[in-house]
Amino acid sequence: LLLLSRSILGYVNLRVCKIPRGPTLSFRVSSYMVLKDVISTLKRFKTAQHTHETAPLLIMNGFDENLPHHQLITTTFQNMLPAVNVKTVKLNTLKRCLLLNYDEKEEIIELRHYSISATPVGVNRAIKKLMKKVPDLSRYSDISEFLTNGYFSESDGEDGPDSHVVLPQNLSGRGNLKSNRSAIRLTELGPRLSLKLVKIQEGVGEGEVLYHSYVKKTAEEKKELRKRIEDEDRTECLCFVPTLDFRLGPFVTSPFGGS
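Keep in mind it's a predicted model, so treat the numbers as computed, not measured. (Residues numbered from 1 in each chain as written. Predicted model: local features only at pLDDT ≥ 70, side-chain atom pairs only at ≥ 80, totals over all residues. Heavy atoms only, no water.)

A.B. asks: Help me out: how do you make sense of the side chain of Ser26 in this one?
C.D. replies: Along the chain, Ser26 turns up in strand E3 (residues 24-33). Look at Ser26 and you get buried, because its relative accessible area is 9%. Contacts of Ser26, omitting those with residues within four sequence positions, involve Leu14, Arg15, Lys196, Leu197, Val198, Lys199 and Gln201. (Helix = DSSP H or I, 4+ residues; strand = E, 2+ residues; numbered from the N terminus. Buried < 20%, exposed > 50% of the residue type's maximum accessible area, 1.4 Å probe, protein only. Contact = heavy atoms within 4.5 Å.)

A.B. asks: Looking at this structure, I do not really get the environment of Asn180. What am I missing?
C.D. replies: Its location among the elements puts Asn180 in the loop between strand E7 (164-166) and strand E8 (181-188). Asn180 sits in the partly exposed class, given a relative accessible area of 33%. As a C-alpha pair, Asn180 and Pro168 span twelve residues in sequence and 8.4 Å in three-dimensional space. Not counting residues up to four positions away in its chain, the partners in contact with Asn180 are Val165, Val166, Leu167 and Gly175.

A.B. asks: Help me understand a nonpolar patch on the surface in this model?
C.D. replies: A cluster of nonpolar side chains, namely Leu1, Leu3, Ile19 and Val204, defines an oily patch on the protein surface of about 330 Å² accessible area. The exposure class of Leu3 is partly exposed, given its relative accessible area of 31%. (Patch = residues over 30% accessible without salt bridge, like charges linked within 9 Å, V, L, I, M, F, W, Y side chains within 5 Å. Areas by Shrake-Rupley, 256 points an atom, 1.4 Å probe, with all protein chains shown as cover. Salt bridge = Lys/Arg side-chain N within 4 Å of Asp/Glu carboxyl O.)

A.B. asks: Can you walk me through the pairing of strand E4 (residues 57-61) in this structure?
C.D. replies: As defined by bridge partners, E4 adjoins strand E5 (residues 96-103) across five bridges and the pair is classed as parallel. The residue bridging Leu58 from the neighbouring strand is Leu98, located in E5. Of the crossover connections in this fold, the one passing from E4 over helix H2 (residues 68-80) to the parallel E5 is left-handed. (Pairing = 2+ DSSP bridges. Right-handed = clockwise from strand over helix to strand, strands pointing away.)

A.B. asks: Quick question: what am I supposed to make of the pattern of salt bridges here?
C.D. replies: Two side chains carrying opposite charge are able to pair once their charged atoms lie near each other. For the coordinates displayed, the defined rule picks out four salt bridges. In this structure, Arg112 engages Glu110 in a salt bridge whose closest nitrogen and oxygen atoms are separated by 3.4 Å. Judged by its relative accessible area of 19%, Arg112 falls in the buried class. The class of Glu110 is partly exposed, set by a relative accessible area of 24%. Across the pair Arg112 and Glu188 runs a salt bridge, and its minimum N-O distance is 3.9 Å. Highlighted residues: Arg112 in strand E6 (residues 108-120) and Glu188 in strand E8, separated in sequence by 76 residues. As far as the burial class goes, Arg112 and Glu188 line up, both buried. Taken together, the shared-partner salt bridges in this structure form one network comprising Glu110, Arg112, Glu188 and Arg192.

Below, the structure written as structure tokens:
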């Protein structure tokens, strides 16, 4: 469950709750950019069909597994999306990726959302154009003139070698064949979020505070607070005496204690 709110002071907050029992992660949105603003910054915005029909691939970077609150963050976001089996996954189902990068210095989580596409490597751009559709060749004496036209550059110059991979499966798009090299490209879809973790609560919006970025408590204070929460829960259970309300039908418990 994702809850967005704005405080009286104007701060935008995001709460990520795992229902029905928690925990609840409370973030302050340090900065954000909505989808239309992200698209306006791109020179060319193009996404493939059916991009949003499958869940995105989750990529998390910079989190320290030795820190309990980092473990809760990674576990919570991993449980929001279906698990991916690397051995059996079909590459054509991976249309998008969700990136969460933790900046240790600023203690900020940068959230980005991208679409994934692939283009063959080592293929002249003129040939790529022919693979998509037959262009207007009326200006050329033969096909060789079109292929050697200086206007087209090699695709290897557009993508660095770090983006080149050997495909283990056939991938959608012309020329993306198994065992061939293709360049993986990411196009930002938006929105952008910069998140600062404020606190983690044990329940859904309530319960023991497991982590707080501004308030630090000693072990004794935590023990006393935990005991007080348990006593309050026990008192609420004793005050509630369920009775059967036959006006609402059999086996229905009335919270008002009437008969």
